[in-house]
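# Structural overview for review
Next come the chains, spelled out residue by residue.
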Amino acid sequence: MMTPGQTSILLVEDEPHIAEGILFNLEAEGYRSVHCLSAEEAITKLDTDSFDLLVLDIMLPGIDGLELCRRLRKSGSDLPILMLTARGDEVDRVAGLSAGADDYLTKPFSLKEFLLRVKALLRRSRPTRAEKTTYTFGDNLIDLAERRAITATAQIELTELEVKMLELFFSREGKVISRGELLQTVWGMSPDTETRTLDNFIVRLRKYFETDPTHPDHFKTVRGRGYRFIREKS
Ligand code: CA
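Residues numbered from 1 in each chain as written. Predicted model: local features only at pLDDT ≥ 70, side-chain atom pairs only at ≥ 80, totals over all residues. Heavy atoms only, no water.

## Some points on the pattern of salt bridges
Quick note on the threshold: Each reported salt bridge corresponds to a side-chain nitrogen of Lys or Arg within 4 Å of a carboxyl oxygen of Asp or Glu. Put simply, DSSP H or I for four residues or longer makes a helix, DSSP E for two residues or longer makes a strand, and each gets a number counted from the N terminus. In this scheme, a residue with accessible area under 20% of its type's maximum is buried, one over 50% is exposed, and one in between is partly exposed, where area comes from a 1.4 Å probe on protein chains only.
One pass over the full model with this rule turns up 18 salt bridges. Between Arg73 and Asp102 there is a salt bridge; the shortest N-O distance is 2.9 Å. Here Asp102 lies in the loop between α4 (90-98) and β5 (103-106) and Arg73 lies in helix α3 (residues 65-74), a separation of 29 residues in the sequence. A salt bridge links Glu173 to Arg231; the nearest nitrogen and oxygen atoms lie 3.1 Å apart. Of this pair, Glu173 sits in the loop between α6 (160-171) and β10 (176-178) while Arg231 sits in the segment after β12 (226-229), placing them 58 residues apart in sequence. Residue Arg231 is classed as buried on the basis of its relative accessible area, which comes to 16%.

## Observations concerning the coordination of the calcium ion
Note the cut-off: A donor here means an N, O or S atom no more than 2.8 Å from the metal, or no more than 3.2 Å when the metal is Na, K or Ca. Since water is not included, a site may seem to lack partners.
The protein atoms that coordinate the calcium ion are Asp14 (OD), Glu15 (OE), Asp57 (OD) and Met59 (O), at distances of 2.1 to 2.8 Å. Motif for the calcium ion, donor spacing along one chain: D-E-x41-D-x1-M. With Asp14 in the loop between β1 (8-12) and α1 (16-28) and Met59 in the loop between β3 (53-57) and α3, this residue pair connects regions lying 45 residues apart in the sequence. We classify Asp14 as partly exposed; its relative accessible area is 28%. Take Met59: its relative accessible area is 58%, and that puts it in the exposed class.

This is the structure we're talking about:
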């Protein structure tokens, strides 16, 4: 289970003995760690869970680490990525960094060095995250702490429910959030409640923040699954 404020790390590594050592050390340091054996599995996890850091092996069965890294950056993710490369392979290191990784570590590495890299990456990314209460997307500036939004056409005082919903969307940018989770988090309703309340709410957010509310760029419907917030127009 996730405790509030606990740092979450996703490890994608197909070699069990390497994964085992890494996971053991991460847990010992108090991090919450989740392990995937393939990039395909990681894509699903990244869609449904939040992480502070991705530790990504390059050589994986199926989609490799470089490709996963490229895809994440292309989708606008700024998740810190520590790439694990094969021994002494210069090509891998360069490719990793140009694919958008933040740092790399060459196998075999000492777990002490691994933890130092992890801490450094988390430190670099943290300050902006913890203090951030203003968000921009499209023509909008939203200040959650002040409950205020400036859009292309208006200044809006946000309700408490709107703030809650925006907070959830922003914290899980690019990820699908189910109707059930939105109902539960924003309204405290049981996830299986049948109601149009949520749909009407989304319609209102689109009217506020979308250039064309009938063709939303940011608050997207994901048919049969829920909704997804996307910062950058595609
Ligand atoms: Ca591997």
